[in-house]
Amino acid sequence: MATTAQTVSYSPADLASLYRIPSDLTPTSTVGIVDVGSDPNTLAQMSYFRSRFQLPACTKATACFREVAQDGSTRLPATDSDWVVETALDVQAVSAICPTCHILLVDASSAGITDMARAALTATRLGAAYVSLSYGSAESAATTSLRNTYYANPDVTYVAAAGDNGSSGGALFPASAPNVVAAGGTSVRRVNGGWQQSAWSHAGAGCSTQYAMSPVQGLASVGSVCGGKRVVSDVSALADPATGMLFYRGGSWWNAGGTSLAAPILTALYALAGNHTAPLSFYADTSALVDVTTGSTGSCATARLCRAGPGWDGPTGLGTPGGLDALAAGANLPSYVTTTAGGLTYGGGYPATLRFHLTDRDTGGGVQGATVQLQRRVYGGAFVPVRNGSTNAAGNVAFADRPMKPTAYRVVFAGDDLHGRSASNTVSLSKFLPSVKLRRLSGRLRVKIRTPWGSALKSSTVRLQRRSGHSWISVRRLRTDKRGIVVAGVQRGRTYRLQYGGGTWQLGHTAAVRAR
């Protein structure tokens, strides 16, 4: 991100004109913003910005604005001086584009790729259907795992900055992930009441080293650009700091730019368009995009990566939105990206063994080699990752987990180059079978009950039952002590058993024994 003192700068009204935003839209969708560290001035500065441009107030009291740490708590991290400007810009950019949207600001503890990824996951866990990612780093061997673990929610639109170093920086992650919208950058000028847009001279672009080009992206005829690899960017927005957005920080007005401005602008536009399920639909229909055909980021071996021109190019992707229809969900994705369905079953026992099957709906066969993620439901109903797995030749994979309280599971497939994303049915685990050991003593029966994970089952009700003919009658109700033990006095020569369970615990009984 780059800033300059105020010169040419665009207001919310200018951006509404540039992107042809209808004035009567009032969505309250939650836009997640991931930045680093906390700034106690963020809300006050955003409020001043909104007041200055007569935008509706957005406060904590009205639940419009919320700020949390990367773990979702209100214990915010310390201020990071390198990120306070970015944070101010991001929340004000979303305010400018979608004034009625709710804003969820998640403060990562550091600029490390894992901390920021965890913050992105928290944003989706707390309800953000649109997530702005104003950051990126070089791809690595960890890229695929990070994407599958933290950026794979099939019901979320992720928009990430493509970078500010032209094509020399290469494809940055998470913008390079095939399900993430890579935000390129434009330089924008108003001339005689109209808008002129060109490629910003530093807009990021590049070829992924980790991901193949998806069939959806293949619609843009870019297969030769990166030798069949994923190309960056996808679509673009205002990024040139010399023609940037006006924002308020530290008692002054500034211009700001970079693809880290383009990312929150595009994220908020997606929220206005209501598209959190098929963010790359514009590859199938570019008619509502403005094709940016001038400008460059310098020279490079493959001209389309650094020079704007008709159709797809690295700095601006397929263009910039010329209205919300450009980012709307469409149904015309390639037919050879097949739909999938996942089935999850639980056969009992502990550890809990969950079996998942991924089906290609078009062929009816299993999907082999798919990376899928087991997720567990936590308090509040959200699902969090447990672990990843890979389907075998038949499309099957088994997971084992050791829950310590009732919960539910699902498996999510984020999609790949040939198969669409899907989520399985939810399987609930509501009861557990305890471990029971019975000892026969003189005139007594001693039972020790433990949970499946090995701890003593304390204060659990046990019923002493005595055989009477062909039936059993309960003669006493007992409760286990802190060691999970209960001792019951019995009459010699009579036959007894102990019944246990109820509530979270499966009902059962010990073997029948004759008292001695």
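Residues numbered from 1 in each chain as written. Predicted model: local features only at pLDDT ≥ 70, side-chain atom pairs only at ≥ 80, totals over all residues. Heavy atoms only, no water.

**Student:** Explanation requested: the layout of surface pockets in the structure shown.
**Tutor:** Space left empty within the atom packing is revealed by a probe, the size of a water molecule, rolled over the atoms. Put simply, the second largest pocket is a space of about 350 Å³. Lining the second largest pocket we find 21 residues, and of these Trp83, Ser134, Tyr135, Gly136 and Ser137 sit closest to its centre. Looking at the lining of the second largest pocket, the elements that each hand over two or more residues are helix 4 (113-125), strand 8 (172-173) and helix 7 (259-273). Per-class residue counts for the lining of the second largest pocket are 11 nonpolar, 7 polar and 3 charged. (1 Å grid on protein atoms, 1.4 Å probe; cavity = no way out; pocket = protein on both sides within 12 Å on 5 of 7 lines; lining within 4 Å. Points joined across faces, edges and corners; volume = space filled by probe spheres on them. Helix = DSSP H or I, 4+ residues; strand = E, 2+ residues; numbered from the N terminus. Nonpolar A, V, L, I, M, F, W, Y, C, P; charged D, E, K, R; others polar.)

**Student:** Could you clarify how one ought to interpret the sheet that holds strand 27 (residues 444-450) in this entry?
**Tutor:** As a general point, the strands of a sheet are linked pairwise by backbone hydrogen bonds and lie either parallel or antiparallel. Strand order in the open sheet formed by 3 strands is 26-27-30, and the pairing between neighbours is antiparallel. Two strands bound the open sheet, and with one partner strand each, they are strand 26 (435-441) and strand 30 (485-489). Each strand of the sheet is rotated relative to its neighbour by a mean of 20°, with strand direction disregarded. Bridge analysis of strand 27 against strand 30 gives 5 bridges, and the strand direction is antiparallel. Among the inter-strand pairings, Leu445 is bridged to a residue of strand 30, identified as Ala488. (Pairing = 2+ DSSP bridges. Axes fitted to C-alpha atoms, helices over the stretch in contact; angles between N-to-C directions.)

**Student:** What is the right way to look at the environment of Arg494 in this model?
**Tutor:** As for its position among the elements, Arg494 is in the loop between strand 30 and strand 31 (495-502). The exposure class assigned to Arg494 is partly exposed, which follows from its relative accessible area of 33%. If we ignore the near neighbours within four places in the chain, the residues touching Arg494 are Arg466, Val513, Arg514 and Ala515. (Buried < 20%, exposed > 50% of the residue type's maximum accessible area, 1.4 Å probe, protein only. Contact = heavy atoms within 4.5 Å.)

**Student:** What is the right way to read the pattern of salt bridges from this model?
**Tutor:** Think of it this way: side chains of opposite charge can pair up when their charged atoms draw near. Applying the stated criterion across every chain, the model contains 8 salt bridges. Between Asp401 and Arg387 there is a salt bridge whose closest N-O contact spans 3.8 Å. With a gap of 14 residues between them, Asp401 in strand 22 (residues 396-401) and Arg387 in strand 21 (residues 383-390) connect regions that are remote in the sequence. Using a relative accessible area of 36% as the deciding quantity, one classes Arg387 as partly exposed. Here Arg483 and Asp481 are joined by a salt bridge, their closest N and O atoms 2.9 Å apart. Three or more residues are tied together by salt bridges with common partners; here these are Arg376, Arg387 and Asp401. (Salt bridge = Lys/Arg side-chain N within 4 Å of Asp/Glu carboxyl O.)

**Student:** How do you make sense of the packing of aromatic side chains when you look at a structure like this?
**Tutor:** Using the criterion set out here, one finds 15 aromatic pairs in the structure. Between Tyr10 and Trp195, the ring centres sit 5.3 Å apart and the planes meet at 75°, which makes this aromatic pair edge-to-face. In this pair, Tyr10 sits in the loop between strand 1 (2-5) and helix 1 (12-18) while Trp195 sits in strand 10 (residues 194-199), placing the two residues 185 residues apart along the sequence. For Trp195, a relative accessible area of 21% translates into the label partly exposed. Ring-pair connections join several aromatic residues into one group, and the members of that group are Tyr48, Phe49, Phe53, Tyr248 and Trp253. Its end group placed over the ring of Phe53, Arg52 keeps NZ or CZ at 5.2 Å from the ring centre. The positively charged end of Arg410 is found above the aromatic ring belonging to Phe383, 4.5 Å away from the centroid. (Phe/Tyr/Trp six-rings, centres within 6.5 Å; stacked < 30°, edge-to-face > 60°. Lys NZ or Arg CZ within 6 Å of the ring centre and 35° of its normal.)

**Student:** Please explain the sheet that holds strand 22 as it appears in this structure.
**Tutor:** Strand order in the open sheet formed by 3 strands is 18-19-22, and the pairing between neighbours is antiparallel. Single-partner strands in this sheet number two, and they are strand 18 (340-346) and strand 22. Averaged over all adjacent pairs, the angle separating strand axes in this sheet is 20°, with direction ignored. Note: strand 19 (residues 352-360) against strand 22, 6 bridges, orientation antiparallel. Bridged to Phe356 within strand 22 is Val397.

**Student:** Can you help me understand empty space enclosed by the protein in this one?
**Tutor:** Applying the stated criterion across every chain, the model contains 2 cavities of 30 Å³ or more. Within this model, the largest cavity holds a volume of roughly 40 Å³. In terms of lining, the largest cavity is formed by Ile113, Ser137, Ala138, Ser140, Thr143, Leu146 and Phe173. For the lining of the largest cavity, the secondary structure elements donating two or more residues are strand 6 (137-138) and helix 5 (143-150). Residue classes in the lining of the largest cavity are distributed as 4 nonpolar, 3 polar and no charged. Put simply, the second largest cavity is a space of about 30 Å³. Lining the second largest cavity are Asn148, Ala152, Thr371, Val372, Gln373, Val412, Phe413 and Ala414. Taken together, the elements giving at least two residues each to the lining of the second largest cavity come down to strand 20 (371-377) and strand 23 (407-413). Per-element accounting of the lining of the second largest cavity gives the leading share, 3 residues, to strand 20.

**Student:** Explain the nonpolar core here, please?
**Tutor:** Note that soluble globular proteins tend to have their nonpolar side chains buried in a common cluster. Core analysis: the largest hydrophobic core is formed by 64 residues, its most contacted members being Tyr19, Met245 and Leu269. Ignoring sequence-local partners within four residues, the contact set of Tyr19 consists of Ile97, Ala237, Leu238, Ile265, Leu269, Thr320, Pro321, Gly322, Gly323 and Leu324. Trp83, Ala108, Val131 and Ala175 belong to the second largest nonpolar core, which has 32 residues in total. (Core = buried A, V, L, I, M, F, W, Y, C linked by side-chain atoms within 4.5 Å.)

**Student:** Which parts of the structure should I look at to understand the environment of Glu139?
**Tutor:** With respect to the element layout, Glu139 can be found in the loop between strand 6 and helix 5. A C-alpha to C-alpha distance of 10.0 Å links Glu139 and Tyr211, two positions 72 residues apart in sequence. Ignoring anything within four residues of it in the chain, the contact list for Glu139 reads Ala171, Phe173, Ser176, Cys207, Ser208, Thr209, Gln210 and Tyr211. Of note is the side chain of Glu139, whose polar atom sits 2.7 Å from the side chain of Ser176. (Polar contact = N/O pair within 3.5 Å; in protein donor to acceptor, adjacent residues only side chain to side chain.)

**Student:** Explain the pairing of strand 21 to me, please; I cannot follow it from the model alone.
**Tutor:** Successive side chains on a regular strand alternate, one facing one side of the sheet and the next facing the other. Looking at chain direction, strand 20 and strand 21 are connected through 7 bridges and run antiparallel. Bridge pairing in strand 21 links Arg377 to Phe383.

**Student:** I would appreciate a short explanation of the state of the cysteines in the present structure.
**Tutor:** Between two cysteines, a covalent bond joining their sulfur atoms is known as a disulfide. This structure, assessed with the given rule, holds 4 disulfides. A sulfur-sulfur separation of 2.0 Å characterises the disulfide bridge that pairs Cys58 with Cys64. The S-S bond linking Cys58 to Cys64 shows a torsion near -95°; that makes this disulfide left-handed. Exposure remark for Cys64: the relative accessible area of 7% places this residue in the buried category. Covalently, Cys98 is tied to Cys101 through a disulfide, its sulfur atoms 2.1 Å apart. Every disulfide takes its handedness from the sign of the S-S torsion; for Cys98 and Cys101 that torsion is 70°, giving right-handed. Owing to a relative accessible area of 1%, Cys98 belongs among the buried residues under this scheme. By sequence order of its bonded cysteines, the chain has the disulfide arrangement 1-2, 3-4, 5-6, 7-8. (Disulfide = S-S within 2.5 Å.)

From the geometry alone we can't say anything about function, so treat these as descriptive.
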